[in-house]
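What the coordinates show
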Amino acid sequence: MAPRLQLEKAAWRWTESVPPEEVTQEHIEAAYRIGLEPCQRGVCRRNCRGNPNCLVGIGEHVWLGEIDENSFHNIDDPNSERRKKNAFVGLTNLGATCYVNTFLQMWFLNLELRQALYLCPSTCSEYVTGQGIPKDRDYEPQTICEHLQYLFALLQNSNRRYIDPSGFVKALGLDTGQQQEEKLEGDNRYFCETCQSKQNATRKIRLLSLPCTLNLQLMRFVFDRQTGHKKKLNTYIGFSELLDMEPFMEQKDGVYIYELSAVLIHRGVSAYSGHYIAHVKDPQTGEWYKFNDEDIEKMEGKKLQLGIEEDLAEPSKSQTRKPKCGKGTHCSRNAYMLVYRLQTREKSLTAEIPTFLQELVERDNCKFEEWCNEMADMRKQSVVRGKIKHEEVKELYQRLPAEAGCPYEFVSLEWLQKWLDESAPPKPIDNTACLCSHGKLHPDKISIMKRISEYVADYFYRRYGGGPRLNVKALCKDCVVERCRILRLKNQLNEDYKTVTNLLKITVKGNDGFWVGKSSLRSWRQLALEQLNEQDDDADQNNGKMNGDAQNKDESNEEKREEEEELNFNEDLVCPHGDLCISENERRVVSKEAWKKLKQYFPKAPEFPNSKECCSQCKILEREGEENEALHKMMASEQKTALQNLFQDKSRPCLGSWPQETDELYIVSQFFVEEWRKFVRRPTRCSPVSSVGNSALLCPHGGLMFTFASMTKEDSKLIALIWPSEWEAIQKLFVVDHVIKILRMQTAETSPESTLFDSEPKLCPECREGLLCQQQRDLREYTQATIYVHKVVDNKKVMKEAAPELNVSSSEAEEEREEAKPEGEQDPDFNQTNGGAKRQKISHQNYIVYQKQGIRRSTRHRKVRGEKALLVSANQTLKELKIQIMHAFSVAPFDQNLSIDGKILNDDTATLGALGVIPESVILLKADEPIADYAAMDDVMQVCMPEEGFKGTGLLGH
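As recorded in an unreviewed UniProt entry, the protein chain goes by the name Ubiquitin carboxyl-terminal hydrolase 48, listed as coming from Chrysemys picta bellii. Recorded in UniProt for the protein chain, the comment headed Catalytic activity (unreviewed entry) runs: "Thiol-dependent hydrolysis of ester, thioester, amide, peptide and isopeptide bonds formed by the C-terminal Gly of ubiquitin (a 76-residue protein attached to proteins as an intracellular targeting signal)." Under the UniProt heading Subcellular location (unreviewed entry), the entry covering the protein chain gives this text: "Nucleus".

Rendered as structure tokens:
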């Protein structure tokens, strides 16, 4: 048994020999564990929750002894954010922008590019006119070039250790949450304009001149046709520090020796994730630096070191061993891009910042210095407050224990722990959650309370306020006495159970016994035990938990209602009128002695002597119920006989093929027919149908809401056609509010197509048009509707998925299963809304409209292989739909070309309702899938489109 439970049991052990009426103050203090010995520091390793006098392990160790000043605050040294001397400035990673950061650092260290960028004209009017930028206005770059200028100026002369590139990233139009791994697109073969067809071609590149900087893309990401995904090539590739391009030049009259100046690295084995860093050489010192977002590391020596980057890749069985590299060469499986610089270029080039940009940098540096000073002041204030708190705690903790025989009070352990917590000042003391129903300290809450000296309690209430104060007068005698009674009953329960069992064997003679429910009698011991335990736990349910952990009010009320719905002892023989039930099979008579024992445990149980008559009202209702059942059976039999074919749904008329034997048919709502059939099948369980409510089929003007064409198609599920003979029976058996009749008009021609129809009442064109408009609006306001996505290749055939588990079967059974759980239902990126298709009814609302719980379709789309069903809502955007399609087809959103009924869907911000996507729509998916197969490249060079890593961003805007 745990120590806390041992202490609790010991605190109430006296109840075994002391009856409730003999409880004294000594017993009360024992129940509240006043006399327990306090624990000593160094002996007790953690706080004893069962001992209110244990004040060890409540957070005091933080304050006792000497304390480092830095522990009084959680503010980092602002100087750690300051740029070190002769160090480069880092760039903040905004979520998935490390790809951009590596390029920015590489471009910044290209002095020719930086100088050329500074020389670009600015649109800043104040700079152009020489007036200077007003200090009360922030500079806002207007173009991508201006963003780069300002960013490079900060990288050059900022005092910050790293800067935020969010303005530049926003101007590019990049999604900071989407990993950037570049898109291959286009066909393998070259399209000849002359013959207007694709032909095998030989590609030849002639190099006439070269720039001072070469950017070599290593094409590490390819499309895997077997899996349908892009993958990263993790094989080793070798490259040298010096690159002689003269053999590849058309003319051999120059010097084309390049030296390695930067290596971009992609760490990770997947093409869909990973991290980008850059190794860049300082063109002025020749030293190599590693740029990793905010962190910049100077490499030892003056040579490129990629070993640590290669070790971070995940191992695999098929991984090749790193080849040996000769002098002046490097091998890497993570190198993504190489940058070479012409060796003859001048290395002492300096990039001077324009005056207006330098002014902006100095302004930002002033803001940074102000922030550093503010943080330093906050650190000093926190240290001062911490020292004051340190002295307070050291003094008060020594006087915290209540000495024997001295005044004391109780305070919650949680509040004491918050007082000792250095992170936040404590709130006022709140002891209300520890009170019993008598407004005193509940004995069951003693495990979360601590007994402290009156001196410290006075200080706490003066300094922090709160209440109520719990001293010796707050010990509740009533609760202790009640708990004593409950514990004694628990101990006595087993003996009383045996006694009652023996008493139940005695036959009761005369009227000396009492009625007890058989169900209650079978489970009375369990009920008694539960009731005693509930009385023990009443405080937890009524008073909640400590300091803000109280149970939600609605949850508490809900639990209370559920408990009230459960029957208590002997309530199983109480009728709805509060009297003795009429069924003698559910009760039995027990002796007076047995009832007396039971009443000790259930003093509030209903009491019925065996001379008590059962409920007179129940007797009357029983007779009436028997009469009603007989009447309902008779009504059902009569109606079933009169409308046999309508009940069995046999030989029903149809407007599409009008029966020759009559020129008129009648209409009732299908809802009436279904409710009536339910009653006929189960007349004793269902209520009888007394009237035909045809008003639901009419508009407010009394006109018919359905055309003859719609009644044969989409509205056929809402109406039922009735034969004239059946209509006569219906008028006799039910109250009919409106007669709706369909008439066939005789014509000279005998073909079905020439038949004319009329109705009584006539069709209401205005309300019919309003109904159709409302239906169209409903189609734009759906939730949890099913659409279908059909993947095609070359607009001709359905593409089978690479993953077999995603294939859709065309069998009827599997189709039904998939319709029950369409694709996207378990997609975490799909915002699901409550709702679902329900049975449609018709109601009045200016005119008759369909309820919006669901949209009924007359025909169901039949899926084909390679097609997916998705759950969507009208208010979700096209971008959200593309995410669902990505999960269903493994096609990235930027590779998806979607269309519906020949219309291209390309506005990612538009909602599906605005784009005309309605339930049961079929959307065609054409995926941009490169078919590059490097193993098949023999003698014929196949023309491919280049990778576009910044596709869709501002960098390719022109």
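That covers the picture; the talk isn't over yet.
**So, the nonpolar core**
Within the largest apolar cluster, 41 residues are counted, with the highest numbers of intra-cluster contacts made by Leu-104, Met-106, Phe-152 and Leu-357. Here Met-106 is in contact with Asn-215, Ala-262, Leu-264, Val-280, Met-337 and Val-339, once residues within four sequence places are set aside. With 26 residues, the next largest nonpolar core counts Ala-11, Val-18, Leu-470 and Leu-475 among its residues.

**Re the sheet that holds strand S20 (residues 514-517)**
Working definition: the strands of a sheet are paired by backbone hydrogen bonds and lie parallel or antiparallel to each other. Taken together, the 3 strands give an open sheet; going across it, the order is S21-S20-S22, and neighbouring strands pair in antiparallel fashion. At either margin of the open sheet sits one strand with a lone partner, and together these are strand S21 (587-590) and strand S22 (608-609). Pairing geometry for S20 and S21, over 4 bridges, is antiparallel. Across the sheet, the residue bridging to Phe-514 is Val-590, located in S21.

**As for the sheet that holds strand S27 (residues 741-745)**
With antiparallel pairing, the 4 strands of this open sheet are ordered in space as S25-S23-S27-S28. Of all the strands in the sheet, just strand S25 (719-722) and strand S28 (756-760) have a single pairing partner and so form its edges. On average, adjacent strands in this sheet sit at an angle of 30° to one another, irrespective of strand direction. Note: strand S23 (residues 664-669) against S27, 3 bridges, orientation antiparallel. Of the residues in S27, the one forming a bridge with Glu-664 is Leu-743. Packed on one face of the sheet, helix H19 (residues 670-681) meets S23 and S25 and runs near 70° to S23. Taken strand by strand, helix H21 (residues 724-733) contacts S23 and S25, and its axis lies near 45° from that of S23.

**A closer look at the packing of helix H9 (residues 355-398) against helix H11 (residues 454-464)**
Between H9 and H11, the least distance of the axes is 9 Å, while the angle of their chain directions is 145°. The two elements H9 and H11 meet at a crossing, and its hand is left-handed. On the side of H9, the interface is formed by Glu-392, Glu-395 and Leu-396, while H11 contributes Tyr-455, Val-456, Tyr-459, Phe-460, Arg-463 and Tyr-464. Classifying every residue of the contact of H9 with H11 gives 6 nonpolar, no polar and 3 charged.

**Points about the pattern of salt bridges**
Considering all chains together, one arrives at 26 salt bridges under this definition. The salt bridge partner of Lys-418 is Glu-414, with a shortest N-O separation of 3.7 Å. Taken together, the residues Lys-418 and Glu-414, both in helix H10 (residues 413-420) and 4 residues apart, mark about one turn of the helix. Residue Lys-418 is classed as partly exposed on the basis of its relative accessible area of 38%. On the basis of relative accessibility, which here comes to 22%, the residue Glu-414 falls in the partly exposed class. We note a salt bridge from Arg-483 to Asp-444, for which the minimum N-O separation is 2.5 Å. One end of the pair, Arg-483, is in helix H12 (residues 477-503); the other, Asp-444, is in the loop between strand S17 (429-430) and strand S18 (449-453), with 39 residues separating them in the sequence. In this structure Arg-483 comes out as buried when scored by relative accessible area, which is 10%. Judged by relative accessible area, which is 26%, Asp-444 ranks as partly exposed. In this structure, a network of salt bridges that share partners links the residues Glu-409, Asp-458 and Arg-469.

**Section: helix H3 (residues 98-108)**
For H3, the buried fraction is high: 10 of the 11 residues fall into the buried class. Every buried residue of H3 is listed here: Cys-98, Tyr-99, Val-100, Asn-101, Thr-102, Phe-103, Leu-104, Gln-105, Met-106 and Phe-108.

**Considering the environment of Leu-243**
Along the chain, Leu-243 turns up in strand S9 (residues 242-244). Leu-243 has contacts with Leu-214, Leu-216, Tyr-256, Ile-257, Tyr-258 and Tyr-340, leaving out every residue within four places of it along the chain.

**Overview of the confidence of the model for the protein chain**
Per-residue confidence for the protein chain averages 77 on the pLDDT scale, and 76% of its residues sit at or above 70. Per-residue pLDDT, averaged within each element of the protein chain, yields its smallest value for strand S32 (residues 847-850) (34) and its largest for strand S16 (residues 408-412) (94). Across residues 930-958, confidence stays below pLDDT 50; counting only partners more than four residues off in sequence or on other chains, it has 57 contacts.

Parameters at a glance
- Residues numbered from 1 in each chain as written.
- Predicted model: local features only at pLDDT ≥ 70, side-chain atom pairs only at ≥ 80, totals over all residues.
- Heavy atoms only, no water.
- UniProt positions renumbered as here; feature names shortened; annotations may be inferred.
- Core = buried A, V, L, I, M, F, W, Y, C linked by side-chain atoms within 4.5 Å.
- Buried < 20%, exposed > 50% of the residue type's maximum accessible area, 1.4 Å probe, protein only.
- Contact = heavy atoms within 4.5 Å.
- Pairing = 2+ DSSP bridges.
- Helix = DSSP H or I, 4+ residues; strand = E, 2+ residues; numbered from the N terminus.
- Axes fitted to C-alpha atoms, helices over the stretch in contact; angles between N-to-C directions.
- Left-handed = near helix turned anticlockwise from the far one by under 90°.
- Nonpolar A, V, L, I, M, F, W, Y, C, P; charged D, E, K, R; others polar.
- Salt bridge = Lys/Arg side-chain N within 4 Å of Asp/Glu carboxyl O.
- pLDDT = per-residue confidence, 0-100.

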